[in-house]
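# Inside the fold
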Amino acid sequence: MMFEASTSVKEHVSDWVLYARKNPMAMWLIPSFLVACIVLAPFAYSVYYSFTNYHAMHPDQVKWVGLVNWIKMFQHPNFWQALNVTIRFWLMGLALAIPLGLGAAMLLNQEFQGRKVVRALLIVPIMIPNVVAALTWNIMMQPLGGVLNFFLIKLHLPIQRWLTSTDTALNSVVIIDLWWSIAFVALVLMAALQSVSDEIYDSAKVDGANGLQRFLYITLPLLTPHLILVAIYRSIDLLKVFGIIYMATEGGPGRTTTTLHIEAYDRAFRQMLMGEGLPYALLLTAVLVIIVGFLEWLWGRSRHFVGAE
Amino acid sequence: MHNRSMFKSLAVLLVLGVLAGCGAPAAPTATPKPQPTAVPQATAVPQATGWTIRPPAEAKINWRQEAGKTLTIAMTPHPYTNALDAMKSEFEELTGIKVNIVTNPDTATQTKITNDLASGTGEFDVFFSGHTWDWNYWPHFVAYEEYLNDPTLTDLEWYNLEDYYPQMLESVTWDGVEGHKLGTGKIKNLPVTMETYILAYRKDLFDKYGVKVPTTWQEVFDAAEKLTVVDNGVQVYGFTSTGIASAYRIFMTNFHNIYLGQGVNPVDENFDSHFDDPKVVPLIKGYLDTMKNYGPPGVNTNNWNAVVSGIATGQVAMVIDGDFAAATYENPEASQVAGKMAYAPAPAGPNGRFSGTWYWGLAMNEFSKNKKAAWLFVEWATSAHTLREAAAVQRSFDPPRESVMNSPEVAALVKDWGDGSWMTTVKEALANYTAMRFQTQGQVTGDWSKQVGGFLTQYFEGKITIEGALKSATDASNKIYDDKGLRKP
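Residues numbered from 1 in each chain as written. Chains lettered and ligands numbered in written order. Predicted model: local features only at pLDDT ≥ 70, side-chain atom pairs only at ≥ 80, totals over all residues.

All names here are of chain B. Strand order in the open sheet formed by five strands is E2-E1-E3-E12-E6, and the pairing between neighbours is mixed. Of all strands in the sheet, those with a lone pairing partner are strand E2 (98–103) and strand E6 (190–195), marking the two edges. For this sheet, the mean inter-axis angle between neighbouring strands, taken without regard to orientation, is 20 degrees. Two strands pair when backbone bridges link them, and E6 and strand E12 (residues 358–364) are joined in this way by five bridges, in the antiparallel orientation. Residue pairing across strands places Met-194 opposite Tyr-359, the latter belonging to E12. (Pairing = 2+ DSSP bridges. Helix = DSSP H or I, 4+ residues; strand = E, 2+ residues; numbered from the N terminus. Axes fitted to C-alpha atoms, helices over the stretch in contact; angles between N-to-C directions.)

Written as structure tokens, this is what we have:
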């Protein structure tokens, strides 16, 4: 049996070598296969362990528990609350980042004194780790002694409790995320704007189109693929958000800013319940894949629409 | 086995990502016994008469037996970490062992410890760990008895384990079973700092506005109202507190005292919760209302740092919180109120006065490949000699050893803190009513803290009644302990 098996393996290998000699491009499958193994093997392990009682401190006592962790998750109010926070954070972040980023891009696309300096400054937030950004904003948003409330007082406006109130905490972390991410959106869209030929705008001007019409009927349609591309990148960041929220609020007050990622972290690393934490993480992955998949489909359609492919 | 562990870690990391962070504590218990007991029999060493702190060179062991080894120590930002950074060369010269100290924020350190212990890689030899952390990691921390009782590794007479405050030794001795009492089992952590909760107040403001030092909770609430004033053009808030958003810390510092003082165990020995006991509801309401009406904005999410800074910047008149903060209040380089503070015991209820506690200490990794060298480090780092220098020079407070607390060096540093009232108050608290109040539990503390804290926050924000908040908190707490199988109604 052993002899037959090894002969069979040898035959397979020699067949494959022959095939590779005839089709050299097939060699490129090897790195792809390795990458797939490196990515998929731990992912498959994650799926497997989501059906077990895997406890971080007792990795030698793992037992198969079937759907228990998944059922527990769907029955747990924390899950629905975390899903709700995740989606709201994503929607708010996206709905604000794209128009604000586009506005910044259009402003920076204009000729004005000091444009280079402003563009250089725009990159600064991107270079700051999001955890540092969150800590800095946390200090700035302190209700007592924070610089934001200092300015509100100077302007005779009511002070805000920012990260400390269940009413304003989620909005406040959205603001932090916007500060950190908006430069990225603006830079991508500014590059896209510069790729639009001036001749199109000149022709439209000749035809009597005003600024709003030129924006609505030229800029926006031509930028659509880029807008969707930015939405894809931002969606990935927003749905996976961790550092900003953890450093700013740790998911509180109460559970106001607890996203699926934070819930997964708490269960897996704080409560040590890896088996229970994994369904939260995997479900977040599924949500992310669905949303990004849909946006990618839209992106393909939009590129087709504007004749980019 | 090792490869499997690695794959498990990879699997988890792939999906969850590697993240950073900070210690968030746990859930309650309370033993309304003012004074804990216990030094485990296995390691009990009679304290020698006239025992004095002596330098490591006088210990009768060969400190150089592990020379050439390298240790990696996981620490969080803390005065004791500063002390280690400053003093580690002393250890390296003594032993020939090189020490790398890796300092990360609490959450990042917790993640690193979890990964290290779950995968069994032994990246770190020694961890900085506190009590709720210990309860999670206990299975993979090393029991110290083997090392303490090995005369080639430990000179017990020089080290003097019994020099630790008894409640500290009790806190780090456990059998590892959730719900079981502390004080029996193995020692798996040796504290380097500890704390008790006392009243710290601005004596100058109390005198100026004719306010009596409060001895009951109602007096605290009344004093807070009188001390919320504009003083010399500066808005002063009468009271501050640790936040309620994560409930663990407010229970540890003050709520256990309020409940137990009324004879109510907030979570009893059967893990049954009694937050809504009618005897206590008015006091919890009074506490939260005082925070809201006479505390600084954002007080509901204060971490300990914000509490300390509120007092040190002169914006708050009074707090009942960790006594260690006096090291900041009384440091003119870090505080605007040095020399203006005084200290007194926390308020009492009809059933007495109760303080919780917290410690930070050093625990050894089961998967360390340098356990003997790691023990030599722990022995040196937790010795009275090292802790005395950490306290007296680096202001790492409170020292968990009596000899250090009573040393001339520490006495000289603290003698003017509140005209000596700090030392008197702390000694009284440690002698009479400081103990670990939470029942041992590991996995549910974060969830408990958030859920209970969420209901307290809803009352604080005026969204529900106090009765509703405490009833909901009770139900949520009971459900958590039911789900964990800890509750025995």
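Let's shift gears to the interface of chain A and chain B. When the parts of a complex come together, some accessible area is lost, and that lost area is often taken as the interface size. On the chain B side, the residues contacting the 43 residues of chain A number 43 residues. Of all the secondary structure elements, the ones that give two or more residues to the side of chain A that touches chain B are helix H2 (29–49), helix H12 (243–248), helix H13 (260–270) and helix H14 (274–305) of chain A. Of the residues assigned to the side of chain A that touches chain B, the class counts are 25 nonpolar, 13 polar and five charged. (Contact = placed C-beta atoms within 7 Å. Nonpolar A, V, L, I, M, F, W, Y, C, P; charged D, E, K, R; others polar.)

The next thing to look at is helix H2 (residues 79–95) of chain B. Residues and elements named next belong to chain B. Over its 17 residues, H2 extends 24 Å from the first C-alpha to the last, a length consistent with the 24 Å expected when each residue adds 1.5 Å. Of all the bends in H2, the greatest measures close to 45 degrees and is centred on Met-87. Restricting attention to buried positions, one finds in H2 the residues Tyr-80, Thr-81, Ala-83, Leu-84, Lys-88, Phe-91 and Thr-95. Remark: Gly-96 follows H2 within two positions and exhibits a positive phi of approximately 75 degrees. (Expected span 1.5 Å × (residues − 1). Bend = angle between axes of the 7 residues up to and from the residue. Buried ≥ 20, exposed ≤ 12 C-beta atoms within 10 Å, placed from the backbone.)

This next bit is on the confidence of the model for chain B. Confidence along chain B averages 89 in pLDDT terms, with 90% of residues attaining 70 or more. pLDDT under 50 marks residues 1–48 of chain B. Its contacts with residues more than four places away, or in other chains, come to 154 contacts. (pLDDT = per-residue confidence, 0-100.)

To continue, consider the sheet that holds strand E11 (residues 341–345) of chain B. All names here are of chain B. Here three strands make up an open sheet; going across it, the order is E10-E7-E11 and the pairing antiparallel. Only two strands of the sheet have a single neighbouring strand rather than two, namely strand E10 (318–322) and E11. Each strand of the sheet is rotated relative to its neighbour by a mean of 30 degrees, with strand direction disregarded. Relative to E11, strand E7 (residues 197–202) runs antiparallel, the two sharing five bridges. Within E11, the residue paired with Tyr-201 across the bridge is Ala-342.

In this section: the nonpolar core. In summary, soluble globular proteins display a tendency toward joint burial of nonpolar side chains. Counting 210 residues, the largest nonpolar core has Ile-244 of chain A together with Val-126, Ile-198, Ala-200, Met-318, Phe-377 and Leu-456 of chain B as its most contacted members. Ranked by residues supplied to this core, first place goes to helix H9 (residues 169–194) of chain A with 11 residues. Ignoring any residue separated from it by four or fewer positions in sequence, one finds Leu-456 of chain B in contact with Ile-244, Ala-247, Leu-288, Ala-469 and Ala-473 of chain B. (Core = buried A, V, L, I, M, F, W, Y, C linked by C-beta atoms within 7 Å.)

Moving on, we come to helix H11 (residues 281–294) of chain B. Residues and elements named next belong to chain B. With 14 residues, H11 should reach 20 Å at 1.5 Å per residue; the first-to-last C-alpha distance of 19 Å fits that figure. Three or more residues of H11 are buried, namely Leu-283, Ile-284, Tyr-287, Leu-288, Thr-290, Met-291 and Tyr-294. The secondary structure elements touched by the buried residues of H11 are helix H9 (217–227), helix H10 (247–261), helix H19 (445–460) and helix H20 (466–484).

The next point concerns the domain arrangement of chain A. Annotation of chain A at the domain level lists domain 1 (2–49) and domain 2 (69–305). For domain 1 of chain A versus domain 2 of chain A, the separation of C-alpha centres amounts to 41 Å. (Domains from an automatic or database assignment.)

Below, the discussion takes up the domain arrangement of chain B. All names here are of chain B. Its domain assignment divides chain B into domain 1 (26–44 + 53–195 + 358–432) and domain 2 (197–354 + 443–484). Each of domain 1 and domain 2 has a C-alpha centre, and the two are 28 Å apart. Each partner contributes to the interface: domain 1 provides 25 residues, whereas domain 2 provides 31 residues. Among the elements that line the side of domain 1 that touches domain 2, the one with the most residues is helix H18 (residues 421–432), at six residues.

To continue, consider the confidence of the model for chain A. Across chain A, pLDDT averages 88, with 96% of residues at or above 70. Confidence scores differ between elements of chain A, with helix H1 (residues 2–22) of chain A showing the lowest mean pLDDT of 71 and helix H3 (residues 68–75) of chain A the highest of 95.

Moving on to the pairing of E7 of chain B. Here E7 of chain B lies mainly inside the structure; six of its six residues are buried. Neither face of E7 of chain B is open: one carries Tyr-197, Leu-199 and Tyr-201 of chain B, the other Ile-198, Ala-200 and Arg-202 of chain B, and all of them are buried.

What follows covers the packing of H9 of chain B against H11 of chain B. All names here are of chain B. It is at 10 Å that the axes of H9 and H11 come closest, and there the two elements cross at 15 degrees. Taken together, the axis directions place H9 and H11 in an arrangement best described as roughly parallel. The element H9 and its partner H11 pack so that their crossing is left-handed. Facing Trp-217, Gln-218, Phe-221, Ala-224 and Glu-225 of H9, the residues of H11 in contact are Leu-283, Gly-286, Tyr-287, Thr-290 and Tyr-294. Within the contact of H9 with H11, the residues separate by chemical class into six nonpolar, three polar and one charged. (Parallel < 35°, antiparallel > 145°, perpendicular 65-115°, else oblique. Left-handed = near helix turned anticlockwise from the far one by under 90°.)

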